[in-house]
Amino acid sequence: MRVGGTVRVPGDKSITHRALLFGALAGGTSHVGGALTSLDARSTARVLRQLGAEISPLRPGRVVAIRGRRRLARPTAVLDCGNSGTTTRLLLGLLSGHRFSATLTGDASLRGRPMRRVTGPLGRMGARFIEHRGDGLPLTVRGGPLTPLRYEMPVSSAQIKSALLLAGVAGNVEVELLEPHGRSRDHTERLLRAFGYQVMEREGWIVFRPSGRLEPFEIQVPGDPSSAAFLVGAAVLAEAGELRVAQVGVNPTRTGFLGVLARMGATVDLVEGTEQFGEPVADLLIRPAELRATEVRPAEIAALIDEIPLLAVLASRAEGTTVFRQVGELRVKESDRLRLIAENLRSVGSRSEISGDDLYVEGGRAAPRGRVRTAADHRLAMAFAVLGTVPGARVSIDDLTSAAVSFPNFPETLRGIRRRESA
Ligand code: S3P
């Protein structure tokens, strides 16, 4: 196919969750422009309303108004976080600093995801938890007065880090964290600094001091680089043309995939860069490329964790065998992404193996053909939809509606970048 035009992607999911959470805790009315309106973002808005925040409906193109309160209110019903791990884990941190009980649950995928990675350290700070079904949801949190925490995290994870920093905010205590392999996305730290909190780096540790105060704010959310990545991938695989994805967040803790793509032979140009609310933003310019295999190192994983499904399908079109080292975290995402990436690549005719926590993908030229089972995982569905755009492909995906978890209108947007050969 040939690609062309300029497109925008929906607002950044991570920043939208955080803007809603901070707005709910600011004493006054905040405004969020460009907010993501996907199912995950709605889950955060829904539970924050149950906790006493007033939040206007999340509709595309509309500024979201949030009337917050300095302390959240005791909920009268179970908090359903839908499919969203970020909603759940960040909320567990916030609720740990509130003196009431709340029970969280979610859909079948979310109920099976590990929560001890946050309840363990939050428990050390003084919060209490009742597990209803082992390490997962439903889970009841009873917050209270918290004590400072100095903690070496078992994995580099922005959800764990943010949960603990938000507990520091809600409990007004110091928090010091060490991430083991590379720095995970730092949107929480950037926002906290904007509110006057001290968040420093000291000998590799992230050091938080509760010196700030959440005040009402206005923010414009940039486009989500993790959503843009799928369009970037489709443009790289195209036969001709050039695609521009406008106004994408290019925070370096999110754009690890661009570095990997450059090593694979696809250079994405960043143009018209600006900074909005402490976050770098730019247009991405992408042209088709012949890809070659690469090795993705453990220290790179945190900055491209959500882009591995897409990078893996691109690797299946590259010359040589690509290896993703130490990607065991993929087992506890919205699905067991590690297993399903390898299985589905094999289903469409590629070679892919898992060895320990490493993922191997062998590239080839044959048109991908076969059926893909996504276990309702949005990023798997979108990655294989991109693979389905190569000439001669016949990739049937069991469920592409899951894309609405993070990227409303994904199928239409993917179709919209195609140009007729003669154009
Ligand atoms: C997110 C962090 C990542 C990512 C998720 C969003 C966030 O999870 O996979 O899609 O907004 O903090 P981990 O921090 O658990 O890796």
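Within every chain, residues take consecutive numbers counted from 1 along the sequence as written. With the structure being a predicted model, the display of local features is reserved for residues of pLDDT at least 70 and the display and counting of side-chain atom pairs for 80 or more, all residues being used for whole-chain, interface and lining totals. Each side-chain value is worked out from all heavy atoms of the structure, with water and hydrogens disregarded.

## Let's talk about the layout of surface pockets
- Cavities and pockets were defined on a 1 Å grid built from protein atoms only: a cavity is a group of points that admits a 1.4 Å probe but offers it no way out, a pocket is an open group of points flanked by protein on both sides within 12 Å along at least five of seven lines, and a lining residue is one with an atom within 4 Å of any such point. Grid points are joined across faces, edges and corners, and a volume is the space filled by probe spheres set on the points. Estimates place the volume of the largest pocket at around 530 Å³.
- If you trace the largest pocket, you find 33 residues lining it, with Ser156, Ser157, Ile305, Glu329 and Lys333 closest to the centre.
- When residues of the lining of the largest pocket are traced back to their parent elements, those giving at least two are helix 1 (13-25), helix 3 (85-96) and helix 6 (158-171).
- Here the term charged refers only to Asp, Glu, Lys and Arg, the term nonpolar to Ala, Val, Leu, Ile, Met, Phe, Trp, Tyr, Cys and Pro, and the term polar to all other amino acids, Gly among them. Residues of the lining of the largest pocket, tallied by class, amount to seven nonpolar, twelve polar and 14 charged.
- Domain segmentation is taken from an automatic or database assignment of domains. Residue assignment places the lining of the largest pocket across two domains, with domain 1 (2-7 + 222-419) and domain 2 (81-210) each supplying three or more.
- In this model, the second largest pocket occupies a volume close to 380 Å³.
- Val9, Pro10, Gly11, Gly34 and Ala35 are, among the 20 residues lining the second largest pocket, the residues nearest its centre.
- Residue classes in the lining of the second largest pocket are distributed as nine nonpolar, nine polar and two charged. A run of DSSP states H or I qualifies as a helix once it reaches four residues; a run of E qualifies as a strand once it reaches two. Both are numbered from the N-terminal end.

## Thoughts on the domain arrangement of the protein
- According to the domain assignment, the protein consists of domain 1 (2-7 + 222-419) and domain 2 (81-210).
- When checking whether two residues touch, look at their non-hydrogen atoms; a contact exists if any pair is within 4.5 Å. Facing 17 residues of domain 1, the contacting portion of domain 2 comprises 15 residues.
- Around 1400 Å² of area is buried between domain 1 and domain 2 when both sides are counted, 44% of it from carbon and sulfur atoms.
- For this document, the term salt bridge refers to a Lys or Arg side-chain nitrogen within 4 Å of an Asp or Glu carboxyl oxygen. Summed over the shared surface of domain 1 and domain 2, the result is three salt bridges.
- The shortest N-O distance in the salt bridge between Arg185 and Asp306 comes to 3.0 Å.
- Here a polar contact is recorded for every N or O atom pair within 3.5 Å, except that within protein the pair must consist of a potential hydrogen donor and a potential acceptor, and residues adjacent in sequence are included only if both atoms are side-chain atoms. Inspection of the region where domain 1 meets domain 2 yields ten residue pairs in polar contact (both at pLDDT 80 or more). Buried area is calculated as the accessible area (1.4 Å probe) missing from two parts once they are joined, with the contributions of both summed.

## Observations regarding the pattern of salt bridges
- Under the criterion given, the structure shown has 35 salt bridges.
- Arg67 is paired through a salt bridge with Glu54; the nearest N and O atoms lie 4.0 Å apart. Within this pair, whereas Arg67 is found in strand 5 (residues 64-67), its partner Glu54 is found in strand 4 (residues 54-55), the two being separated by 13 residues in sequence.
- When its relative accessible area of 52% is taken as the criterion, Glu54 is described as exposed.
- The salt bridge involving Asp186 is made with Arg190; its shortest N-O contact spans 3.0 Å.
- Type-normalised accessible area, obtained with a 1.4 Å probe on protein chains alone, sets the label of each residue: buried when under 20%, exposed when over 50%, and partly exposed for intermediate values. Asp186 gets classed as buried once you look at its relative accessible area, which sits at 10%.
- Here the salt bridges share partners, and the residues they tie into one network are Arg113, Arg185, Asp306, Glu334, Arg337, Asp377 and Arg379.

## Concerning the sheet that holds strand 11 (residues 175-178)
- Pairing between two strands requires that DSSP report at least two bridges joining them. Pairing is mixed across the open sheet formed by four strands, whose spatial order is 10-11-13-12. What marks the edges here is a single partner per strand, and that holds for strand 10 (149-152) and strand 12 (198-202). Neighbouring strand axes in the sheet, compared pairwise and without regard to direction, differ in orientation by 15° on average.
- With five bridges joining them, strand 12 and strand 13 (residues 205-209) adopt antiparallel strand pairing. Across the sheet, Glu201 pairs through a bridge with Ile206, a residue of strand 13.
- Against the sheet, helix 6 contacts strand 10, strand 11 and strand 13, and its axis sits at roughly 170° relative to strand 11. Between N-to-C directions, angles span 0 to 180 degrees; the directions come from axes that are lines fitted to C-alpha atoms, helices contributing only their stretch in contact.

## Points about helix 5 (residues 116-125)
- Along helix 5, the positions that sit buried rather than exposed are Arg117, Val118, Thr119, Pro121, Leu122 and Met125.
- Residues of helix 5 that are buried sit in contact with helix 3, strand 8 (128-131), strand 9 (139-142), strand 10, helix 6 and strand 11.
- Of the residues flanking the end of helix 5, it is Gly126, one or two places downstream, whose phi is positive at about 125°.

## Let's talk about the site of the ligand
- Working definition: residue near molecule or strand if any one of its non-hydrogen atoms lies within 4 Å of it. The ligand sits among Lys13, Ser14, Arg18, Thr86, Ser157, Ala158, Gln159, Arg185, Ile305, Asp306 and Lys333.
- The side chain of Ser157 places a nitrogen or oxygen atom 2.9 Å from an oxygen atom of the ligand.
- For the ligand, an oxygen atom lies 2.9 Å from a polar atom in the backbone of Gln159.
- Relative to its free-state accessible area of 380 Å², the ligand is covered by the protein chains to the extent of 96%.
- Cavities and pockets are treated as containing a molecule whenever more than half of the molecule's atoms lie within 2 Å of their grid points. Judged by the fraction of its atoms near the pocket grid, the ligand is located in the largest pocket.
- Contributions of two or more residues to the shell around the ligand are made by helix 1 and helix 6.
- Within the shell around the ligand, the residues separate by chemical class into two nonpolar, four polar and five charged.
- Split by domain, the shell around the ligand shows at least three residues from each of two domains, domain 1 (2-7 + 222-419) and domain 2 (81-210). Calculation of accessible area relied on Shrake-Rupley with a 1.4 Å probe; when residues are assessed, cover is drawn exclusively from the protein chains displayed.

## Notes on the side chain of Thr255
- Residue placement: Thr255 occurs in the loop between strand 16 (243-249) and helix 9 (256-263).
- What makes Thr255 buried here is its relative accessible area of 15%.
- When neighbours within four sequence positions are excluded, Thr255 is seen to be in contact with Gly249, Val250 and Ala303.

## A closer look at the packing of helix 5 against helix 6
- Packing of helix 5 against helix 6 brings their axes to within 9 Å, and their N-to-C directions diverge by 25°. The pairing of helix 5 with helix 6 is recorded here as roughly parallel in orientation. Taken as a pair, helix 5 and helix 6 cross one another with a handedness that is right-handed. Side by side, helix 5 and helix 6 meet where Arg117, Val118, Pro121, Leu122 and Met125 of the first sit next to Gln159, Ile160, Ala163, Leu164, Ala167 and Gly168 of the second. For classification, angles of less than 35 degrees are called roughly parallel, those exceeding 145 degrees roughly antiparallel, those between 65 and 115 degrees roughly perpendicular, and all remaining angles oblique. For a crossing to be left-handed, the near helix must be turned anticlockwise from the far one by less than a right angle; the clockwise case is right-handed.

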